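Here is how the chains run, residue by residue.
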Amino acid sequence: MSTTFVPLLPADAVAALPERAREVVEYRKSGLSLNHVQGCPLGCAYCIRHTYGLWDADTPVALMPDEEAVGQLVNHPYFTAHATPLQIFNRSTDPFLTGVRDHLFAVLEDLDNRGLTNRVLVITRAVLRRVDCERLNALKHLKVTLLFTYSGIEDRRVEPYPSAIAARSMRLASAYGTRDNPRRFRTVFYWRPLVPGLNDTARHLNHAAELSRFADATVFTGLFYRAEIAEYYRAKGIPEPYQGTARRKIVPETLERRVLAAFGRRPPGGSPLFRKTSCAVSYAHGLPDYNGHYGITELCDICPVAQVSRCAGAHQVPTAHELQIAAASLPEAAGLRVFDIDERAAQVEGLPSEQPRYYLQHAFAFQVHDAGHPHRQQRHGRAEIGWEKTDG
């Protein structure tokens, strides 16, 4: 099998990168993220790379060899074998770009050869080939989910790389497998970002509902619209989708209602719709949600009954003492204060960043919220924009 790898960046060039770019292992909400290959030519205007100084890096490079990167991942204080959900290249590049995909498989096969059964999320909008499916299906232990980013945005200033490519890749992946060799990996229709005025017409919504037939699960979400991204929009003369920016994804209330209505009218055979990525990934593997969203009951009203039951059976409310014991292994969490716990979530203070909070959330499969950034009822984990008239 021929292989193509991206260039290895010299040590002095790595040292000159922005601090967050040099942090190749980072905890994000849906998993512990490995990003030792960085740079992407796809040019999506809303890319998260704007927020840590790598937007201009459009040629993928490796910051270190794959084996060294995997070593950093599995020896990281936040990593727990067979438990911690993982993400590969989800904030730095597309894992199925030419030159990047062999790094992806080197990482996956290294982890799999260790006998690890962790969930692994791989997010892509690029070309997937049948040989990629064969290689994914050869993994024996990891629970791999491919999430195919599709928006349907037609404004090439916002999204130069056509969404139709992701749709074709998703169809190919979901159709893979036979009775004698069933598909082990799972597929998710990652419908994002939904943006009013760009991809929310009836035509867009109905087409997305139709595409849901070609995945094991569907999840919808909105736009991260941070200050750095807004600045880029203005510099390029791209119409701004919102009057303000937000630290959370923006999904206006009226847009959510229209999405739910469109999926309610879809023909039989579409995959179930979820509000949260971890819910869709967990459903696809027949497992309870590892982010513990079950306590936020208004999120579950669109979930399949069997999945709600599965999550209910796994739902356990930790004590403040248990949270404190788990946090004690993390020096950066020494200041943790737990001041309220109910069936929905634990409310905490004193954590320096989101990362230890995500660690605790996955350790207990239970929601852990920073009291300084409240999660409002009905718009859990979403920006206030578009919900101002809703009583929280």
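(A) Molecular detail of the overall build of the protein. Counting secondary structure elements, the protein contains 13 helices and 13 strands. Computed over its C-alpha atoms, the radius of gyration of the protein comes to 20 Å, within 12% of the 21 Å expected for a compact globule of 392 residues. Over its C-alpha atoms, taken along the principal directions, the protein stretches across nearly 55 × 55 × 50 Å. Relative to its full complement of 392 residues, the protein shows a buried share of 55%. Within the protein, counting contacts between residues at least 6 apart in sequence, those at least 24 apart form 71% of the total. Just so you have it, the protein exposes about 16500 Å², and 51% of that area is on carbon and sulfur atoms. A distance of 6 Å separates the average location of the 46 positive side-chain charges in the protein from that of its 42 negative side-chain charges.

(B) Structural view of the side chain of His285. Relative to the elements of secondary structure, His285 occurs in the loop between α10 (277–284) and α11 (305–314). Residues within four places of His285 in sequence aside, it is in contact with Lys143, Val144, Thr145, Arg184 and Arg186.

(C) Just the pattern of salt bridges, in detail. Per the counting criterion, the structure on display carries 24 salt bridges. The partner of Arg20 in a salt bridge is Glu26, with the nearest N and O atoms 2.7 Å apart. Residue classification places Arg20 among the partly exposed residues on the basis of a relative accessible area of 25%. Take Glu26: its relative accessible area is 6%, and that puts it in the buried class. A salt bridge links Arg135 to Glu109; the shortest N-O distance between them is 2.7 Å. Note that Arg135 is positioned in helix α5 (residues 130–137) and Glu109 in helix α4 (residues 101–113), a separation of 26 residues in sequence.

(D) Local environment of the packing of aromatic side chains. Under the criterion given, the structure shown has 11 aromatic pairs. Ring centres 5.4 Å apart and planes at 80° place the aromatic pair Tyr225 and Tyr233 in the edge-to-face group. A residue is classified by how much of its surface remains accessible, and Tyr225, at 0% relative accessible area, is buried. Through a chain of ring-to-ring contacts, the aromatic side chains of Tyr27, Tyr78, Tyr358 and Tyr359 assemble into a single cluster. Just above the ring of Tyr52 sits the side chain of Arg91; from NZ or CZ to the centre is 4.7 Å. Sitting above the plane of the Phe214 ring, Arg171 keeps its charged end 4.0 Å from the centroid.

(E) Fine view of helix α13 (residues 354–364). Burial runs high along α13: eight of the 11 residues are buried. Those residues of α13 not exposed but buried are Gln355, Pro356, Arg357, Tyr358, Tyr359, Leu360, Gln361 and His362. The inward-facing, buried residues of α13 contact β1 (25–28), β2 (31–34), α12 (320–327) and β13 (368–370). A side-chain oxygen of the first residue of α13 lies 3.3 Å from the backbone nitrogen of Gln355; this N-cap is Ser353. The first or second residue beyond α13 is Ala365, which carries a positive phi of 50°.

What counts as what
- Residues numbered from 1 in each chain as written.
- Predicted model: local features only at pLDDT ≥ 70, side-chain atom pairs only at ≥ 80, totals over all residues.
- Heavy atoms only, no water.
- Helix = DSSP H or I, 4+ residues; strand = E, 2+ residues; numbered from the N terminus.
- Rg over C-alpha atoms; globule rule 2.2 N^0.38 Å.
- Buried < 20%, exposed > 50% of the residue type's maximum accessible area, 1.4 Å probe, protein only.
- Contact = heavy atoms within 4.5 Å.
- Areas by Shrake-Rupley, 256 points an atom, 1.4 Å probe, with all protein chains shown as cover.
- Lys, Arg positive; Asp, Glu negative; His and termini not counted.
- Charge placed at Lys NZ, Arg CZ, Asp CG, Glu CD.
- Salt bridge = Lys/Arg side-chain N within 4 Å of Asp/Glu carboxyl O.
- Phe/Tyr/Trp six-rings, centres within 6.5 Å; stacked < 30°, edge-to-face > 60°.
- Lys NZ or Arg CZ within 6 Å of the ring centre and 35° of its normal.
- Polar contact = N/O pair within 3.5 Å; in protein donor to acceptor, adjacent residues only side chain to side chain.

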